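Survey of secondary and tertiary structure
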Amino acid sequence: MCMEVRKSCECGARTVQFHLRDNVMMAEAVSRLFCPDCPGDVPFDPESMIMDNGWIIEYDMVLARDLAARKLGRERDGVSPQFLFDSGYATWLETYPGERDDIEAERSEIIALAKKDPKAYLKKIQTWNIERMERLKEAGWRKAMLA
């Protein structure tokens, strides 16, 4: 069973749900979150942070390294923000924050097309997800680029 982890960004404008693969990490491993609108007064530290298309996740690397060593048998030196994010141990639940809402809006448009033009609907529904992932890759979303 996976635990639901939500974190608000530092400016408080947005809340994001995180996925903690196999419950290896604790919610506290994600120490801070910065949305693209958060004030930029915190310097980016690649030793504890990862940037994904304007969003920054800061990890508690002492805790993360300890948990990875105990639960995964990993060397502490092999645990980085990139490892945590890219391996799914502390990453977005979605491909990017807000994806669910965007998908619903896109689906609504496609479903509306079914009533107007069934052939166009079938063609669109077959290519929609592939085209969407290509757009996300082009936009620079990390999880899309790794897919």
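One can find the structure itself at the top, above this paragraph.
The structure contained in this document is the topic of the report that follows. (Residues numbered from 1 in each chain as written. Predicted model: local features only at pLDDT ≥ 70, side-chain atom pairs only at ≥ 80, totals over all residues. Heavy atoms only, no water.)

**A closer look at the environment of Gln-17**
The condition is simple: Only DSSP runs of H or I covering at least 4 residues are called helices, and only runs of E covering at least 2 are called strands; the numbering of each starts at the N terminus. Three labels apply to residues, based on accessible area from a 1.4 Å probe with only protein chains included: buried if under 20% of the type maximum, exposed if over 50%, partly exposed otherwise in between. In this analysis, two residues are considered to be in contact whenever any of their non-hydrogen atoms come within 4.5 Å of each other. What qualifies as a polar contact is a pair of N or O atoms within 3.5 Å, subject to a donor-acceptor requirement within protein and to the restriction that residues adjacent in sequence count only when both atoms come from side chains.
Along the chain, Gln-17 falls in strand S2 (residues 15–19). Gln-17 gets classed as buried once you look at its relative accessible area, which sits at 17%. As for Gln-17 and Thr-91, which are separated by 74 residues in sequence, their C-alpha atoms are 8.8 Å apart. When sequence neighbours within four positions are dropped, the list of residues in contact with Gln-17 reads Glu-4, Val-5, Arg-6, Thr-91, Trp-92, Leu-93 and Arg-100. Here Arg-6 takes part through its side chain, which lies 3.3 Å from a polar atom of the side chain of Gln-17.

**Remarks on the pattern of salt bridges**
Test applied: Any Lys or Arg side-chain nitrogen located within 4 Å of an Asp or Glu carboxyl oxygen qualifies as a salt bridge.
A full pass over the atoms with the stated rule returns 12 salt bridges. Here Arg-142 ties to Asp-86 by a salt bridge, and the two come within 2.6 Å at their closest N and O atoms. Here Arg-142, found in helix H5 (residues 142–146), pairs with Asp-86, found in helix H2 (residues 81–86); they are 56 residues apart in sequence, far enough to count as distant. A relative accessible area of 21% means that Arg-142 is categorised as partly exposed. Residues joined in a network through salt bridges with shared partners are Asp-66, Arg-70 and Arg-76.

**A closer look at the pairing of strand S4 (residues 49–52)**
To be explicit about the condition: Whether two strands pair comes down to DSSP finding at least two bridges between them.
Direction of pairing for S4 relative to strand S5 (residues 55–59): antiparallel, over a ladder of 4 bridges. Within S5, the residue paired with Met-49 across the bridge is Glu-58. Count of turn residues in the S4/S5 antiparallel hairpin: 2 residues, of which Asn-53 carries a positive phi of about 55°.

Structural measurements only, silent on function.
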